[in-house]
Amino acid sequence: MEATQELTRSQRAAEERMARNGHLRSHRNFREALEKGNIGRTKIGIQLAKNATDGVAKILREKLEGSPRGGRPVLTVTRERELIEAIGEDRVAWVALQAVIHICAPDRRPNAPHLQKVVMEIASALEDEYRLDQARKEDYPGYVKLIQRVKRARTSVRERWIREGLSLAKEGPTPARIPAKTKTALGQYILTILLTDTDLLTTFRGERPKKKHMARPVLVTLSEHAVEWMHQAADRLGDLFPVLTPCLQTPKDWDGPHSGGYYTPELSRCFIIRGEEAADFLDPEDSAEVYDSINLLQRVPYEVSPLAWDIYSYSFEKDMQLGGMALREKHPLPPRPTDEYGNPMPDGHPSWKDYRVQARGVHRANADKWSKVIVYSRIYNIARDHKGHPIYFPQRLDWRGRCYPMPQYLQPQGCDAAKGLLRFAEGKPIETEEQADWLRIHLANTWGNDKVPFRERIEWVAQNEDWIREVAKDPLGCRKWEDADEPWQFLTAVEDYERLMKQGLGALGHAIVGMDGSCNGLQVYSLLSRHREEGLATNCVPCDTPQDIYQEVANEAALELSMMEDERYREVGREWLADLGGEVPRALAKRPVMTTPYGCTFGTIIRYVDEWRFENPKATRWPAFAPQASIAMAKALTKAIENVVHGAFECMEWLRQVANLFSDSNLEVGWVTPVGFPVRQTYYRMDSHTINTHFRGRHTHYTYFRDAEDKEILRRKQADALPPNFVHSLDAAAMMRTVLYASRAGVTNLSMVHDSYGTTAAEAPVLARELRNAWHDVFAANPLEDFRDQVLQLLPQGTEIPDLPARGDLDLKELHQSKYFFA
């Protein structure tokens, strides 16, 4: 299909609406914050405070040390000087600015706060900061409990809880309050600086009071300059974050790093790579394969699946929980504790503690559910507006070459509901049994029956054909589809299968039939190291049944637990096996194995073990906090992974050594992938200016880069990041070449997710063949040797690079016969 590069009226209107909605959203959030009086808690208010903090802190330091203009410190009250020095000028500036921006929000006229109220707001915030500081330094018994409680609280009650927690403490002496006179003088001093030495605040006279002897009050508000900056910031946020939705016509081809995807000036500011500096390196002549593949992907027309949309919209509008959708109705809070007569229990009664624990759990569940509700509602709105006609997804890249759709929520790389609502607009007739079998395999895969041979997946569909066809006819009456691992994708495939069974061969297939790699990061390392055992474990060599590396590592971990070398953990290992019935669950091994190619550390594996124990509290004998148990299991898993994929560890260690050579010369690591994509890994030390405050129970951090002449490579970060980034760049190259090979072979429908490729059932046999050809060609050129030759040109002359890891005897030609490589 040739790309239409002329902008249609409907596409222009859609893009203008996307840009306008971004501005409307930004200004709506800004306006709501103004109305609620919490502008200081928004991104805009916080950024305004950050911008002014350094300047105000500098003024404070000058005045405390002796202003060049006055020759002596302006602040002469010893107690106030001590307070500022105890808190720190940076923190004083930050806390005062946050308090002022919060209380002096614009658009409050004529209800702006009195001068004295602003003074006390600043003083109270600084007093809270000082007292919490003292509580921490003096090991105040209730400090940790108070901070934990405040962190979980709503923003609007944090200040009150802090003050109540310090004033009404029952454990030991409370940190002393600041004398009222000193406190007032401190607030007046800080406000005077903000009024006279900055352009942040302004004062004006309020209306004359009814009592004639009273003077007109002095009111404080943010200056016109600050208000204008806030409105401009809201505009900038709207420019940066438009509400991107699918295109109604073929997106504009990328013909350079700065032009492609969307058409109108409002949305054409995007670069092909996130970051202008990185995009400038992507020359169309040197990276022709990159441009061709990304343009082919964004020319593919999709549409909203009619069957999936009917069920999704019904479920959403009726607020039903079909297919795992989140209900909009919130979980009710537990009843407050009462006595036998229905009277509220007094404060301090033990029943209140249980109530708070239960209520906290309900609030947390509602917050988690509401984030899902937002995603499902936005998917609903976009699908509703775009159903009934073809839609397209403009693509862009990250700095490693990975491809992503630019629209949000409803897109081919979204959640199961988003993927399930989409299908290819141009269906292809299923003309052979091989093509029909790929649809059956996809049905079994989305159901969750994806660890067995293809023949068993096909047989599973045949054995369950009656209810599968019943689902296609009446998904609301036969709701067994909800039991699938990926119910919405299963539902869309069911529609195609019913059509095939009804019409026979020749029926059109629209569903996206996916083929997933087997732990794709380790597949990349297996092809780099050519170790046959690892290639077998990751399905890179032919095998009668699909190999499951997660289960293999779990089995190996069980052996490691049974013979722990470290005496401290030997008994713990036996207890693990006793609790787990002598086997390590596959789910416990999956995340550590999956993330190993991407820089998973021993500490990360401990966290994964902790999370598994939290999700399965009855599986083991240990309580929630049992570090020795988690460390023992993490040691067993680490050793098991090394045993199963030792070639991957050798490659990762070699890459880390190369990264250290670059760090020794303070250089960035750079390389060009097999498809001509230039990668530059830049991890510089940041000149971080950190302010840790207790303001509203939050710690605040902000950083900025050093000047160019002081740039310094982060040695550890560069070494840890190179292995995963190198792997990502290679799987991105293999994906791009797959797109090109499949397209040349006649495949027009392609839906690509880094390690999962999709097309119609009719085109699936061709895609399966061509992806193996593409991966073979990418790795036959030996990317590790090519990388070594490239970095030798970047390192100082005479630098010696360690020898490449020893290669095994895996023959890459075997990829062509490995039917479970992508399955």
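Residues numbered from 1 in each chain as written. Predicted model: local features only at pLDDT ≥ 70, side-chain atom pairs only at ≥ 80, totals over all residues. Heavy atoms only, no water.

Brief notes about the overall build of the protein chain
When helices and strands are counted, the protein chain shows 29 helices and 17 strands. The 823 residues of the protein chain split such that 52% are buried. At a minimum sequence separation of 6, the contacts of the protein chain that also span at least 24 residues come to 73%. If you sum the accessible surface of the protein chain, you get close to 39000 Å²; carbon and sulfur atoms cover 48% of it. (Helix = DSSP H or I, 4+ residues; strand = E, 2+ residues; numbered from the N terminus. Buried < 20%, exposed > 50% of the residue type's maximum accessible area, 1.4 Å probe, protein only. Contact = heavy atoms within 4.5 Å. Areas by Shrake-Rupley, 256 points an atom, 1.4 Å probe, with all protein chains shown as cover.)

Focus on the pattern of salt bridges
If charged atoms from side chains of opposite charge come close, those side chains can pair. Within this structure, the stated rule accounts for 31 salt bridges. Residue R607 pairs with E611 through a salt bridge whose shortest N-O separation is 3.3 Å. A residue pair is termed a helical-turn pair when its members lie 3 or 4 positions apart in one helix, as R607 and E611 do in helix 24 (residues 602–615) at four residues. Classification of E611 by relative accessible area gives partly exposed; the value is 25%. Ionic contacts of the salt-bridge type, sharing partners, join the residues E303, R423 and E495 into one network. (Salt bridge = Lys/Arg side-chain N within 4 Å of Asp/Glu carboxyl O.)

Quick word on a negative patch on the surface
The grouping of D485, E486, D516 and D755 at the surface amounts to a negative patch. Among the secondary structure elements, D755 is positioned in the loop between strand 16 (751–753) and strand 17 (756–759). (Patch = residues over 30% accessible without salt bridge, like charges linked within 9 Å, V, L, I, M, F, W, Y side chains within 5 Å. Lys, Arg positive; Asp, Glu negative; His and termini not counted. Charge placed at Lys NZ, Arg CZ, Asp CG, Glu CD.)

Observations concerning the environment of I84
Position of I84 relative to the elements: it lies in helix 3 (residues 78–87). Residues I84 and L126, spaced 42 residues apart in sequence, show a C-alpha to C-alpha distance of 9.0 Å.

Points about the confidence of the model for the protein chain
On average, residues of the protein chain score 86 in pLDDT, and 88% of them reach the 70 mark or higher. Considering only residues more than four positions removed or in separate chains, one finds that residues 67–77, a stretch of pLDDT under 50, has 17 contacts. (pLDDT = per-residue confidence, 0-100.)

A short note on the sheet that holds strand 16
If you trace the three strands from one edge of the open sheet to the other, you get 11-17-16, paired in antiparallel fashion. If you trace the sheet from one side to the other, it starts and ends with strand 11 (513–516) and strand 16, each paired once. Recorded for the sheet is a direction-independent mean angle of 15° between the axes of neighbouring strands. Where strand 11 lies against strand 17, four bridges are found, and the strand directions are antiparallel. (Pairing = 2+ DSSP bridges. Axes fitted to C-alpha atoms, helices over the stretch in contact; angles between N-to-C directions.)

What to know about the nonpolar core
Ranked by size, the top nonpolar core spans 115 residues in total, and within it L397, I549, W576, W775 and F787 carry the most contacts. Here this core takes 11 residues from helix 27 (residues 715–744), the largest share from any one element. Those residues within four positions of W775 in sequence are excluded, and the remaining contacts are N520, V524, L527, D731, A734, T738, Y757, L815, F821 and F822. Counting residues in hydrophobic clusters, the runner-up holds 52 residues, among them F393, V494, Y497 and A761. (Core = buried A, V, L, I, M, F, W, Y, C linked by side-chain atoms within 4.5 Å.)

Side note on the environment of V524
Locating V524 in the fold gives a position in helix 19 (residues 520–529). Linking V524 and G535, residues 11 residues apart in sequence, is a C-alpha distance of 9.5 Å. Here V524 is in contact with V727, L730, D731, W775 and F779, once residues within four sequence places are set aside.

Quick word on the packing of helix 1 (residues 9–36) against helix 9 (residues 224–240)
When two helices pack together, their arrangement is captured by the angle between the axes and the distance separating the axes. At a minimum axis distance of 7 Å, the contact between helix 1 and helix 9 shows a crossing angle of 140°. Of the two elements, helix 1 crosses helix 9, and the hand of that crossing is right-handed. Two secondary-structure elements touch here, helix 1 through G22, H23, S26, H27 and F30 and helix 9 through M230, H231, A234, D235, L237, G238 and D239. Among the residues making up the contact of helix 1 with helix 9, the classes are represented as four nonpolar, six polar and two charged. (Left-handed = near helix turned anticlockwise from the far one by under 90°. Nonpolar A, V, L, I, M, F, W, Y, C, P; charged D, E, K, R; others polar.)

Re helix 4 (residues 89–103)
Across its 15 residues, helix 4 extends 21 Å between first and last C-alpha, which sits within 8% of the 21 Å expected from 1.5 Å per residue. Of all 15 residues in helix 4, 15 are buried, a share of seventy percent or more. (Expected span 1.5 Å × (residues − 1).)

A short note on the packing of aromatic side chains
Following the criterion strictly, the structure yields 27 aromatic pairs and no others. Here the aromatic rings of W447 and F490 are separated by 5.5 Å at their centres, their planes lie at 55°, and the arrangement is tilted. Here the residue W447 occupies a position in helix 15 (residues 433–447), and F490 occupies one in helix 18 (residues 487–503), the gap between them amounting to 43 residues. For the pair shown, W447 and F490 are each scored as buried. Feature note: the residues Y757, W775, F779, F821 and F822 constitute an aromatic cluster, connected by ring pairs. Of note, R236 hangs over the ring of W229, and the distance from its end group to the ring centre comes to 5.5 Å. (Phe/Tyr/Trp six-rings, centres within 6.5 Å; stacked < 30°, edge-to-face > 60°. Lys NZ or Arg CZ within 6 Å of the ring centre and 35° of its normal.)

Quick look at the side chain of R402
When you line up the elements, R402 lands in the loop between strand 6 (395–397) and strand 7 (403–405). For R402, a relative accessible area of 10% gives the class buried. In terms of polar contacts, R402 uses its side chain to reach the side chain of D731, at 2.9 Å. If we ignore the near neighbours within four places in the chain, the residues touching R402 are R396, L397, Y598, H728, D731, A732 and H754. (Polar contact = N/O pair within 3.5 Å; in protein donor to acceptor, adjacent residues only side chain to side chain.)

What about unusual backbone geometry?
In this structure, D319 takes a positive phi of about 55° despite not being glycine. Locating D319 in the fold gives a position in the loop between helix 12 (306–318) and helix 13 (350–386). Overall, the relative accessible area of 23% leaves D319 in the partly exposed class. Of note in this structure, N782 is not a glycine but carries a positive phi near 55°. Relative to the helices and strands, N782 resides in the loop between helix 28 (764–780) and helix 29 (783–794).

Focus: the environment of E785
Mapped onto the elements of the fold, E785 is located in helix 29. Taking C-alpha positions, E785 is 7.7 Å from L804, a pair spaced 19 residues apart along the chain. E785 has contacts with L804 and R807, leaving out every residue within four places of it along the chain.

Re a positive patch on the surface
A cluster of basic residues, R336, R356, R360 and R364, forms a positive patch at the surface. Tracing the backbone shows R356 in helix 13.

A look at the pairing of strand 2 (residues 218–222)
With four of five residues buried, strand 2 is to be regarded as a mostly interior element. Bridge count between strand 1 (residues 201–205) and strand 2: five bridges; the pairing is antiparallel. By the bridge assignment, T203 is partnered in strand 2 with V220.

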